[in-house]
Amino acid sequence: MRKLATIRVIDKIDTIPNKDFIGVGHVDGWNVIVNKNDFKPGDLCVYCEIDSVLPDKPEFENIKKRSNLRIRTMRMGGVVSQGICFPLSILPKGHYSIGDNVTDIMGVTQYVGNMDIEKEVLLDKKNIKYPNWLMKIPFIRKLLLNKKEYRGFPEWISKTDEPRVQNMPQVIEFANKNPDHKWIVHEKLDGQSGTFVCVRKKRLFGETYEYMVCSRNLRLFQKDNRSYWKVSEKYNIKDRLVRYLKNNKKATYICVQGECVGQGVQGNKYRLPDNDFYVFNVQTDLLSDEVILGNKLTETGIDKFCSGYGFKRVPEIEGFDFSKMTMEDVIAFADGKSKINKNTLREGIVIRDDTLSFKAISNKFLLKYNE
């Protein structure tokens, strides 16, 4: 589960011109507007990230009036602020340390507008389905979504979610000290994360292949009109994955993960006439120099797979020199135009080597779309 509320240190507080009572607090890689009467440099705080939704309690009434309890990227006094800081007194009495996850203690939940929301939840191969409004009732959702019914998403496949660079200040220091380290930068697309898996099944008289279409969190047992199934059919993904398994007899499965964009997805910001699919991860259990920890393919391996089986990769971004960048430089680099449509702001970038992957989201994008 994403750590939405954690114990952090306010490293320093910068002044804002013509603002006497507020300043810019630096919390790891985040800039947050804080009340100078509540904090001083070196203080511990409860930091809630953007996309956090605070519980409906009297102490958050002012935030409720301002933003309906959702924490967004905002601009105030010419400063971009992301997240919110509370004194430790907001928590029950106890001992708290830097890095503690207090999401549950605070009652913070994640804003679901940025996640893949299923219009109906398909729970098993009999296509039992429940309407989305019913699944929003907490006790009913808990009753229906037990572990067995969630078996749809293959448990051996890593779900798609990169941490934000602001939560990884140590990687900036590493990059500065290791100028020869190779980093690959891709555009982060604003779409729906799709996972497509094919599993080899050994039978007495031969082999069969089980094909799975999944959103970010669920297997979609029933074919429908959503982007996942549209790109599955458009690119004949099942046939391509079966061909991979036939060509690689020692692999028991192959998984392709990527971004579904286009018609009906996030307002189709790229103005595409159809649905499209861009690969960012490939997983398999084949023993190879190109398969690394977590059964993921290296960047070179993904390139070879995509060219060999007819998939498009997420666009690569040139000109990124991580060894000379500060956190502010990385965030600024995330701004730019999309390579899919030059008239559209890109959502951000994903920075990778063969073992690590993290993202930087464009502040221009967040402010334009009120995220």
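See the structure printed just above.
Quick caveat, the model's predicted, so the values are computed rather than measured.

**Q** Explain the sheet that holds strand β19 (residues 348-352) here, please?
**A** Think of a sheet as strands paired side by side through backbone hydrogen bonds, with each pair either parallel or antiparallel. Reading across from one edge, β13-β19-β20 is the order of the three strands in this open sheet, with antiparallel pairing throughout. Only two strands of the sheet have a single partner each, and these edge strands are β13 (184-188) and β20 (357-361). Mean inter-strand twist for the sheet, computed between neighbouring axes without regard to direction, equals 25 degrees. Bridging between β13 and β19 involves five bridges; their strand directions are antiparallel. In the strand pairing of β19, Glu-187 is matched with Ile-349.

**Q** What is the right way to read helix α9 (residues 327-334) from this model?
**A** Owing to its 3.6 residues per turn, the α-helix aligns residues three or four sequence positions apart on the same side. Residues Met-327, Val-330, Ile-331, Phe-333 and Ala-334 constitute the buried set of α9. Buried residues along α9 cover an arc of 160 degrees about the axis, so they all sit on one side. Note on α9: the residue one or two positions beyond its end, Gly-336, has a positive phi of about 155 degrees.

**Q** How should the pattern of salt bridges be read in this particular structure?
**A** Oppositely charged side chains can form a pair if their charged atoms are brought close together. A complete count under the given rule lists 22 salt bridges for this structure. Asp-274 is the partner of Lys-234 in a salt bridge, and the nearest nitrogen-oxygen pair spans 3.7 Å. One end of the pair, Lys-234, is in helix α6 (residues 227-234); the other, Asp-274, is in the loop between β16 (253-261) and β17 (276-284), with 40 residues separating them in the sequence. Lys-234 gets classed as partly exposed once you look at its relative accessible area, which sits at 39%. One salt-bridge network, in which partners are shared between bridges, spans Asp-51, Arg-70, Arg-164 and Glu-371.

Parameters at a glance
- Residues numbered from 1 in each chain as written.
- Predicted model: local features only at pLDDT ≥ 70, side-chain atom pairs only at ≥ 80, totals over all residues.
- Heavy atoms only, no water.
- Pairing = 2+ DSSP bridges.
- Helix = DSSP H or I, 4+ residues; strand = E, 2+ residues; numbered from the N terminus.
- Axes fitted to C-alpha atoms, helices over the stretch in contact; angles between N-to-C directions.
- Buried < 20%, exposed > 50% of the residue type's maximum accessible area, 1.4 Å probe, protein only.
- Arc of directions from axis to C-beta.
- Salt bridge = Lys/Arg side-chain N within 4 Å of Asp/Glu carboxyl O.

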